[in-house]
Amino acid sequence: MKSLQNMPHLLFLYFGYCAYEGGSLYFQHRGFQQLKELYLYDLRYLNFIIIDKRALRSLETLKLSRIYNLNIMAPDIQHLEKLQVLDVDNLPDEFEECIAPNGGQEHPSIQHVPLVRIITTYKGRTHIIHH
């Protein structure tokens, strides 16, 4: 992460199928300043995401998919002022509950995001909740 975070022209970052095996992802102060899109997909061991206040300042799209050990949204997401789209695709029920518009404890931290999609596939059905 340290070698990537200071790349001045990095606009898109995709961590897919087991590309990262750590338990937490830490986006440090002033890291990834130009990044517009971040996709985290099928990271088996990821439990927590930490975002320093001045990290990911240009991020517009965040997609989290099939991260089965991620149970709570990082409250630091409130610092992502330019975030336009948050896609949550097949994450644990606890995660979806924590950002739910009807009383999720972390919902206030994503209220500034214009489009939040929670996509759940259960028994062959897809359920999409828009915020």
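Scroll up a little and you will see the structure.
A.B. asks: Explain the overall build of the protein chain residue by residue, including any values.
C.D. replies: Assigned secondary structure in the protein chain consists of two helices and eight strands. Ordering the α and β elements of the protein chain from the N terminus gives α-β-β-β-β-β-β-α-β-β. Against the globule reference of 14 Å for 131 residues, the protein chain gives a C-alpha radius of gyration of 14 Å, in line with a compact fold. Projected onto its principal axes, the C-alpha positions of the protein chain cover 40 × 30 × 20 Å. For the protein chain, with 131 residues in total, the buried portion stands at 42%. Put simply, 59% of the contacts in the protein chain that link residues at least 6 apart link residues at least 24 apart. When the accessible surface of the protein chain is split by element, carbon and sulfur atoms take 50% of a total near 7400 Å². Considering the protein chain, the positive charge centre built from 13 side chains and the negative charge centre built from 14 side chains are found 6 Å apart.

A.B. asks: Could you give an account of the nonpolar core, with specific residues and numbers?
C.D. replies: Generally speaking, soluble globular proteins have nonpolar side chains that are buried together. If you look at the biggest cluster of nonpolar residues, it comprises 35 residues, and the most contacted ones within it are Phe 27, Leu 40, Ile 49, Leu 56, Leu 64 and Leu 86. For this core, the secondary structure elements donating two or more residues are strand S1 (12–15), strand S2 (24–27), strand S3 (37–41), strand S4 (48–51), strand S5 (61–65), strand S6 (85–89), helix H2 (93–98) and strand S7 (115–122). Excluding anything up to four places from it in sequence, Ile 49 contacts Leu 25, Phe 27, Leu 40, Leu 64, Leu 70 and Ala 74.

A.B. asks: Describe the layout of surface pockets, with residues and values.
C.D. replies: The gaps of empty space that remain are located by a probe, the size of a water molecule, rolled over the atoms. Reported here for the largest pocket is a volume of approximately 160 Å³. Contributing to the lining of the largest pocket are Lys 53, Arg 54, Arg 57, His 79, Leu 80, Glu 81 and Lys 82. Each residue belonging to the lining of the largest pocket can be placed in one class, and the counts come to one nonpolar, one polar and five charged.

A.B. asks: Go over the pattern of salt bridges, please, and point to the residues and values.
C.D. replies: Tallying each qualifying case throughout the model produces three salt bridges. Across the salt bridge formed by Lys 36 and Glu 60, the nearest N and O atoms sit 3.9 Å from each other. Residue Lys 36 is located in the loop between S2 and S3, and its partner Glu 60 is located in the loop between S4 and S5; the two are separated by 24 residues in the primary sequence. The closest approach of N and O atoms between Arg 117 and Asp 87, which form a salt bridge, is 2.6 Å. Taken together, the residues span a long stretch of sequence, with Arg 117 in strand S7 and Asp 87 in strand S6 at a distance of 30 residues. Relative accessible area serves as the criterion here: at 7%, Asp 87 is assigned to the buried category. Bridged by salt links that share partners, the residues Lys 63, Asp 87 and Arg 117 form one connected network.

A.B. asks: Kindly report on the environment of Ser 58, identifying the contributing residues and their values.
C.D. replies: Counting through the fold element by element, Ser 58 comes out in the loop between S4 and S5. The sequence separation of Ser 58 and Leu 11 amounts to 47 residues, and the corresponding C-alpha distance is 9.0 Å. Among residues more than four places away in sequence, those in contact with Ser 58 are Gln 33, Gln 34, Leu 35, Lys 36 and Lys 82.

Cut-offs used in this document
- Each chain carries its own residue numbering, running from 1 in the written order of its sequence.
- In view of the model being predicted, local features appear only for residues whose pLDDT reaches at least 70, and side-chain atom pairs are presented and counted only at 80 or more, with totals across whole chains, interfaces and linings using the full set of residues.
- Side-chain figures throughout are based on the complete set of non-hydrogen atoms in the structure, without hydrogens or water.
- Each helix is a run of DSSP H or I of at least 4 residues and each strand a run of E of at least 2, with the numbering of both proceeding from the N terminus.
- For this measure, only C-alpha atoms enter the radius of gyration; the expected value for a globule follows 2.2 Å times N^0.38, where N is the number of residues.
- Buried means the residue's accessible area, taken with a 1.4 Å probe over protein chains only, is under 20% of the maximum for its type, while exposed means over 50%, and partly exposed covers the values in between.
- Contacts between residues were defined by any pair of non-hydrogen atoms, one from each residue, lying within 4.5 Å.
- Per-residue and other accessible areas follow the Shrake-Rupley method at a 1.4 Å probe size, with only the shown protein chains counted as cover for residues.
- Charged-residue counts in this description rest on Lys and Arg as positive and Asp and Glu as negative, His and the chain ends being excluded.
- A single reference atom marks each charge: NZ on Lys, CZ on Arg, CG on Asp, CD on Glu.
- By nonpolar core we mean a set of buried residues, namely Ala, Val, Leu, Ile, Met, Phe, Trp, Tyr and Cys, connected to one another through side-chain atoms within 4.5 Å.
- Only protein atoms enter the calculation, which uses a 1 Å grid: trapped sets of points that fit a 1.4 Å probe without letting it out are cavities, open sets showing protein on both sides within 12 Å along at least five of seven lines are pockets, and any residue with an atom within 4 Å of a point is a lining residue.
- Grid points are joined across faces, edges and corners, and a volume is the space filled by probe spheres set on the points.
- When residues are grouped by polarity, Ala, Val, Leu, Ile, Met, Phe, Trp, Tyr, Cys and Pro land in nonpolar, Asp, Glu, Lys and Arg in charged, and all others, Gly among them, in polar.
- What makes a salt bridge here is a side-chain nitrogen of Lys or Arg within 4 Å of a carboxyl oxygen of Asp or Glu, nothing more.

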